[in-house]
Amino acid sequence: MRVALYPGTFDPITIGHIDIIKRACALVDRLVIGVAINRDKGPMFTLEERKEMVEAECAALSAQTGTEIVAHPFENLLIDCAHDVGASIIVRGLRAVTDFEYEYQMVGMNRALDSSVETVFLMADLKHQAIASKLVKEIARLGGDVSKFVTPEVKDQLYEKLGRS
């Protein structure tokens, strides 16, 4: 069984994330979405809310692709999380050259910790390259429409969190 780990904060999950998840499903039998407990980023949504969002957004994808998709919170090293969930592959989405530079360093460090875990990069679809959770939250905070960047369910949760209707 091929198991991959797709880590992120998912605060909130965007259609860009969902596109990477769908494409990763074609590569593996089981995809673990590692929902990071990243206290440094100061997430808008609680860990439980982010985990539930990921599960809700991935339920149909799992049925559609036949790939088991599970959400797994983690706060340890990425490579240790991969071991914890039995993943031999780490999936990362790339939007731009700046993403690559950061990810390149991460791959080097992860390979130094465990060279048996491979990292696979999936390029963001052109129409999703500009989407970043941080920017989606900022647009929503400033009264903008985020419906092009998140699903209707996530948009509703985002607006509710911000006291918008």
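Bear in mind that the values here come from a model prediction, so they are computed numbers and not experimental data.

Definitions and limits used
- Residues numbered from 1 in each chain as written.
- Predicted model: local features only at pLDDT ≥ 70, side-chain atom pairs only at ≥ 80, totals over all residues.
- Heavy atoms only, no water.
- UniProt positions renumbered as here; feature names shortened; annotations may be inferred.
- Helix = DSSP H or I, 4+ residues; strand = E, 2+ residues; numbered from the N terminus.
- Buried < 20%, exposed > 50% of the residue type's maximum accessible area, 1.4 Å probe, protein only.
- Contact = heavy atoms within 4.5 Å.
- Polar contact = N/O pair within 3.5 Å; in protein donor to acceptor, adjacent residues only side chain to side chain.
- Expected span 1.5 Å × (residues − 1).
- Arc of directions from axis to C-beta.
- Pairing = 2+ DSSP bridges.
- Axes fitted to C-alpha atoms, helices over the stretch in contact; angles between N-to-C directions.
- Parallel < 35°, antiparallel > 145°, perpendicular 65-115°, else oblique.
- Left-handed = near helix turned anticlockwise from the far one by under 90°.
- Nonpolar A, V, L, I, M, F, W, Y, C, P; charged D, E, K, R; others polar.

Quick look at the UniProt feature "domain: Cytidyltransferase-like" (unreviewed entry) in the protein
Here comes step 1: Cross-referencing UniProt, the feature "domain: Cytidyltransferase-like" (unreviewed entry) maps to residues 5-138 in the present numbering.
Here comes step 2: Between the first and last C-alpha atoms of residues 5-138 the distance is 28 Å; the span itself is 46% helix and 22% strand.

Quick look at the environment of Tyr 159
Here comes step 1: With respect to the helices and strands, Tyr 159 occurs in helix α6 (residues 152-161).
Here comes step 2: What makes Tyr 159 buried here is its relative accessible area of 6%.
Here comes step 3: Taking C-alpha positions, Tyr 159 is 14 Å from Ser 133, a pair spaced 26 residues apart along the chain.
Here comes step 4: Ignoring sequence-local partners within four residues, the contact set of Tyr 159 consists of Ala 140, Gly 144, Asp 145, Val 146, Arg 164 and Ser 165.
Here comes step 5: There is a polar contact of 3.2 Å between the side chain of Tyr 159 and the backbone nitrogen of Val 146.

Here's the deal with helix α4 (residues 97-113)
Here comes step 1: For α4, built from 17 residues, the straight-helix expectation of 24 Å at 1.5 Å per residue is met to within 8% by its first-to-last C-alpha distance of 25 Å.
Here comes step 2: For α4, the complete set of buried residues consists of Asp 99, Glu 103, Val 107 and Asn 110. All buried residues of α4 lie within an arc of 70° about the axis, which places them on one face of the element. Summarising the geometry of α4, the exposed residues directed more than 90 degrees from the buried face are Val 97, Thr 98, Glu 101, Tyr 104, Gln 105, Met 109 and Ala 112.
Here comes step 3: If you follow the buried residues of α4, they end up packed against α3 (78-85), β4 (89-94) and β5 (118-123).

With respect to the side chain of Arg 92
Here comes step 1: Residue position: Arg 92 is located in strand β4.
Here comes step 2: Each residue touching Arg 92, except ones within four places of it in the same chain, is listed here: Pro 7, Glu 103, Thr 119, Val 120, Phe 121 and Leu 122.

A closer look at the side chain of Ser 133
Here comes step 1: Structurally, Ser 133 can be placed in helix α5 (residues 133-141).
Here comes step 2: Within polar-contact distance, the side chain of Ser 133 engages the backbone oxygen of Pro 12 at 2.7 Å.
Here comes step 3: Beyond its immediate chain neighbours, meaning those up to four positions away, Ser 133 contacts Asp 11, Pro 12, Thr 14 and His 17.

Brief notes about the sheet that holds β4
Here comes step 1: Within the open sheet, the five strands sit side by side as β3-β2-β1-β4-β5. Their pairing is parallel. Either end of the sheet is taken by a strand with one partner, and the two such strands are β3 (68-74) and β5. The sheet shows a mean angle of 30° between the axes of neighbouring strands, direction not considered.
Here comes step 2: Where β4 meets β5, six bridges bridge the pair, whose relative direction is parallel. From the neighbouring strand, Val 91 faces β5, where its bridge partner is Val 120.
Here comes step 3: Running over the sheet, helix α2 (residues 47-65) touches β2 (30-36) and β3 and is turned about 170° from β3.
Here comes step 4: The strands touched by α3 within the sheet are β1 (3-8), β2, β3 and β4, with β1 carrying the most contacts at an inclination of about 140°.

Some points on the packing of helix α1 (residues 15-25) against α2
Here comes step 1: Interhelical geometry of α1 versus α2 gives an angle of 25° and a closest axis separation of 10 Å. Between α1 and α2, the angle is such that the two are roughly parallel. Like other packed secondary-structure pairs, α1 and α2 cross with a definite hand, here right-handed. Between α1 and α2, the contacting residues are Ile 18, Ile 21, Lys 22 and Cys 25 on the first element and Glu 57, Cys 58, Leu 61, Gln 64 and Thr 65 on the second.
Here comes step 2: Residue composition of the contact of α1 with α2, grouped by class: five nonpolar, two polar and two charged.

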